[in-house]
Amino acid sequence: MQRRPVVTRISDAIAEDLEGRILEGSLKPGDRLHGERELAVELGVSRPSLREAIQKLVSKGLLTTRHGGGTFVTDRLEAPFVDPWQQMLDGHPMLQNDLLEFRHMLEGQAAFLAAERATDADIKRLDAAYEALGRFYDSDDFEHCIDADVAFHQAIAEAAHNVLIGHVTASLLRVIHGHISRNLEHLYARPQRWGKLQAQHHAVWSAIRERRALDAAKAARAHIEFVMQSMADSAKEEARRHIARRRLGTGS
């Protein structure tokens, strides 16, 4: 007996395409999909097939629709990691060092793979992220500086062309967002260290652009080691200030 050929439904193919874009990071949490008519033309499909595909991804929890407001990518791939670890980190500060050790391994490998695999488009995006980071380093706008720092590291992770590295890096950076903010403020108050931070980002960026994979990994790990040390120094300084204030308050 001959087997019947497997017929792929158009809506399944569309859903697979959109799901692939979410996995690779082309569509990120919070992104709004193009309007139904525009997206149907872009994909070369009918609107009913597109509607069915979107519903499939809504059922999976990857998309959400808002009445009259469009269709958006959810954070389902990141939230299960971010939410519990963010709460644990707040309650157990000692986890901060463990997360940085994990980031040390992750970002070293990401930089290595990015140097080997980055396309011209990846390098162009990395250049833009590095340029934006440089602009905010010269300002007092810490909120945008934090965002630019995160965007730079995420651009490296996605240039590695490993889906898990991209999503885990995004999740990890969300978890430690507050700690990144405090560390940048600590370093900004110390011009010599602030300059070292800029030099480290330059070393990672240039090594990736020049396809020096081992140097890129080494520079990325050195950067995280510097961050770990500076955050430890910041914690010690805060503890000393706390003790000094307490002594002042008690008169001892």
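Please refer to the structure placed before this passage.
Residues numbered from 1 in each chain as written. Predicted model: local features only at pLDDT ≥ 70, side-chain atom pairs only at ≥ 80, totals over all residues. Heavy atoms only, no water.

Q: So, the pairing of strand S1 (residues 63-66): which residues are in play, and what are the values?
A: Relative to strand S2 (residues 70-73), S1 runs antiparallel, the two being bridged by four bridges. What sits directly across from arginine 66, in S2, is glycine 70. In this antiparallel pair of consecutive strands, S1 and S2, the connection spans three residues, and glycine 68 shows a positive phi of 75°. (Pairing = 2+ DSSP bridges. Helix = DSSP H or I, 4+ residues; strand = E, 2+ residues; numbered from the N terminus.)

Q: Got a sec to walk through helix H7 (residues 142-159)? Specific residues and values, please.
A: End to end, H7 covers 26 Å across 18 residues, agreeing with the expected 26 Å (1.5 Å per residue, within 8%). Along H7, the residues that are buried comprise Cys145, Ile146, Ala148, Asp149, Phe152, His153, Gln154, Ala155, Ile156, Ala157, Glu158 and Ala159. (Expected span 1.5 Å × (residues − 1). Buried < 20%, exposed > 50% of the residue type's maximum accessible area, 1.4 Å probe, protein only.)

Q: Which residues make up the packing of aromatic side chains, and what values go with them?
A: The tally for this structure, following the rule as stated, stands at two aromatic pairs. Consider the rings of tyrosine 130 and phenylalanine 152, whose centres lie 6.0 Å apart with planes at 50°: the pair is tilted. Residue tyrosine 130 is located in helix H6 (residues 120-137), and its partner phenylalanine 152 is located in helix H7; the two are separated by 22 residues in the primary sequence. Considering the side-chain rings of tyrosine 130 and tryptophan 205, the 4.2 Å spacing of their centres and the 5° angle between planes classify their relative orientation as stacked. With a gap of 75 residues between them, tyrosine 130 in helix H6 and tryptophan 205 in helix H10 (residues 191-209) connect regions that are remote in the sequence. Judged by relative accessible area, tryptophan 205 falls into the buried class, the value being 17%. An aromatic cluster of at least three residues, connected via ring pairs, comprises Tyr130, Phe152 and Trp205. (Phe/Tyr/Trp six-rings, centres within 6.5 Å; stacked < 30°, edge-to-face > 60°.)

Q: Before we move on, can you summarise the pattern of salt bridges with the specific residues and values?
A: According to the stated counting rule, one finds 15 salt bridges in the structure shown. With its nearest N and O atoms 2.7 Å apart, the salt bridge here joins lysine 60 to glutamate 19. Pair noted here: lysine 60 is in helix H3 (residues 47-60) and glutamate 19 is in helix H1 (residues 10-24), with a separation of 41 residues, a long-range link. (Salt bridge = Lys/Arg side-chain N within 4 Å of Asp/Glu carboxyl O.)

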